[in-house]
Amino acid sequence: MDEMTFVEAAAGAGFPMTFPVVFREIVWRTFAQLPSVQREQESRRQRDVRLQPERAYQQHLEGRTVRSVAEAATIFLVREATSL
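Residues numbered from 1 in each chain as written. Predicted model: local features only at pLDDT ≥ 70, side-chain atom pairs only at ≥ 80, totals over all residues. Heavy atoms only, no water.

**Some remarks on the packing of aromatic side chains**
Which entries qualify depends on this criterion: Think of it this way: a Phe, Tyr or Trp ring, Trp meaning its six-membered ring, pairs with another when their centres are within 6.5 Å, and the plane angle makes it stacked under 30 degrees, edge-to-face over 60, tilted otherwise. Put simply, DSSP H or I for four residues or longer makes a helix, DSSP E for two residues or longer makes a strand, and each gets a number counted from the N terminus. The cut-offs for exposure are 20% and 50% of the maximum accessible area for each residue type, with area from a 1.4 Å probe on protein chains only; residues under the lower value are buried, those over the upper are exposed, and the others partly exposed.
The tally for this structure, following the rule as stated, stands at one aromatic pair. Seen from their ring centres, Phe31 and Tyr57 are 5.9 Å apart, and the 65 degrees between their planes marks the pair as edge-to-face. Taken together, the positions of Phe31 in the loop between strand 2 (24–28) and helix 1 (36–45) and Tyr57 in helix 2 (residues 53–60) put the pair 26 residues apart, joining distant regions of the chain. This pair shows no difference in class: Phe31 is buried, exactly as Tyr57 is.

Written out as structure tokens, the structure reads:
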């Protein structure tokens, strides 16, 4: 597996615009496009309601830009670190 297994390049500019302006974004692939080994493991886990990685992936990553997910994770971590 290489680094592009989970993401793909999408044409077009992202908003809000940042500088330097980028005309291509990296977005998370759909769950169906992920390697089949993970999907097989997921089908075994679906019996346990607490372990539903497909649902979590679709809700938080699928189709979103890697940049926006990284920004959201950074904000969450900063908030958690400052609340200690």
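And the narrative resumes.
**With respect to the confidence of the model for the chain**
Rules: For every residue, the pLDDT score states the predictor's confidence, bounded by 0 at the bottom and 100 at the top.
Model confidence for the chain is summarised by a mean pLDDT of 76, while 62% of its residues fall at 70 or above. Across the chain, the secondary-structure element scoring lowest on mean pLDDT is helix 1, at 60, and the one scoring highest is helix 3 (residues 66–82), at 90.

**Focus: the pattern of salt bridges**
Note the cut-off: Salt bridges, as used here, are contacts in which a Lys or Arg side-chain nitrogen is within 4 Å of a carboxyl oxygen on Asp or Glu.
Throughout the structure, instances matching the rule amount to one salt bridge. A salt bridge links Glu71 to Arg67; the shortest N-O distance between them is 3.9 Å. Of the two residues, Glu71 and Arg67 both sit in helix 3, four residues apart, roughly one turn of that helix. Assessed through its relative accessible area of 41%, Glu71 is described here as partly exposed. A residue is classified by how much of its surface remains accessible, and Arg67, at 24% relative accessible area, is partly exposed.

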